[in-house]
Amino acid sequence: MCFPYEYEIETRGRCNMIYIIAGKLNAAVRALEVFHKMGIDPLIYVSTGEERIKGMNSLKEYANKTGSRIIREISEIYGRKVFFLSVECDKIIDKKLFEKGSKFFNVHFSLLPKYRGTMTSFWPIVFGEHETGVTLHEIDEGIDTGEIISQIKFEIKGEYTCRDLYFKYHENASKLVEEVIPCIVQGKYGSFPQENRNATSFPRFLYHHFPKEFCSKQLKLMEKRQVYNILRALIFREFQLPSIDGKKITAVSLKPLDTTTLSIQTNSGNVYVEIAD
């Protein structure tokens, strides 16, 4: 790990390099804190949708509080030499639009090369994964295909919903940026290529076509664990909730809940759900 007393020495002479954090919420806020400790005040681009998530720190609010400049569009820095850090950036970055010598990095919410692309809080739960992680990698011309610099692995607990997993990603991504940003700023890091044979990718359109509304007759044809995984993968109150027979589901369990108002029959036993008020 790189330590604070090295920062000033190592970052001198980089005055022509524009630092930018593009992203949102806790992990991006933590990245900004780390840059500030290094004596670097990066530009900020805030991804859309930040205001919808309850219980997390806002990158926009923190940047305004600390006086960091916020840009409205990434195009404002086209043609410049940049050190670009994406932490849930909602834009695909075309490196050719920036000056030669620019550096590009991304914090991705999965253990690459598995689950490239979007909706990484959704698909691992649907497929019953028991672990996932966060990856800091170089940005290349593909989607989450760049060389891996560092990863943190963690457990997907059996009761996690989509929202729970998303918050866990941010928790671990915050740790990752704290550990690794000082090293990549100084160029003191290694990387290794991804194993494409182990890669999986789920474009956003697949999620949009995934059913979110079910009838109890359909679920009787499915297995208990399958129904359980699908329902908890769809529970993210700020964005969507699954429904059964027109009733919104806020919680799901393999065992009866104190607040259970509905028992769902499957092909291999019951799943217990809580109905929205």
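Here the structure is shown first, and the text comes after it.
Residues numbered from 1 in each chain as written. Predicted model: local features only at pLDDT ≥ 70, side-chain atom pairs only at ≥ 80, totals over all residues. Heavy atoms only, no water.

Chemist: Explain the pattern of salt bridges here, please?
Modeler: Should the charged atoms of two oppositely charged side chains come close, the side chains can pair. The tally for this structure, following the rule as stated, stands at 10 salt bridges. Close ionic contact of Lys175 with Glu171 constitutes a salt bridge, the shortest N to O distance being 3.9 Å. Of this pair, Lys175 and Glu171 both sit in helix H5 (residues 162-185), four residues apart, roughly one helical turn. On the accessibility criterion, Glu171 (38% relative accessible area) is partly exposed. (Salt bridge = Lys/Arg side-chain N within 4 Å of Asp/Glu carboxyl O. Helix = DSSP H or I, 4+ residues; strand = E, 2+ residues; numbered from the N terminus. Buried < 20%, exposed > 50% of the residue type's maximum accessible area, 1.4 Å probe, protein only.)

Chemist: Explanation requested: the sheet that holds strand S4 (residues 103-108) in the structure shown.
Modeler: The strands that make up a sheet pair up through hydrogen bonds in the backbone, lying either parallel or antiparallel. Strands sit in the order S2-S1-S3-S4-S5-S6 across an open sheet of six strands; the sheet is mixed. Only two strands of the sheet have a single partner each, and these edge strands are strand S2 (43-46) and strand S6 (148-155). If you compare each strand with its neighbour and ignore which way they point, the axes differ by 15 degrees on average. Judged from the six bridges that link them, strand S1 (residues 18-23) and strand S3 (residues 82-87) form a sheet pairing that is parallel. Paired with Ala22 across the bridge in S3 is Ser86. Contacts from helix H2 (residues 25-37) reach S1, S2 and S3, with the element oriented near 160 degrees to S1. Packed on one face of the sheet, helix H3 (residues 59-66) meets S1 and S2 and runs near 155 degrees to S2. (Pairing = 2+ DSSP bridges. Axes fitted to C-alpha atoms, helices over the stretch in contact; angles between N-to-C directions. Contact = heavy atoms within 4.5 Å.)

Chemist: When you look at the side chain of Ser102 in this model, what are you seeing that I'm missing?
Modeler: Residue position: Ser102 is located in the loop between S3 and S4. One polar contact links the side chain of Ser102 to the main-chain carbonyl oxygen of Arg80, over a distance of 3.5 Å. From its side chain, Ser102 meets the backbone oxygen of Glu99 in a polar contact 2.8 Å long. Residues in contact with Ser102, not counting those within four places in the same chain, are Arg80, Lys81 and Val82. (Polar contact = N/O pair within 3.5 Å; in protein donor to acceptor, adjacent residues only side chain to side chain.)

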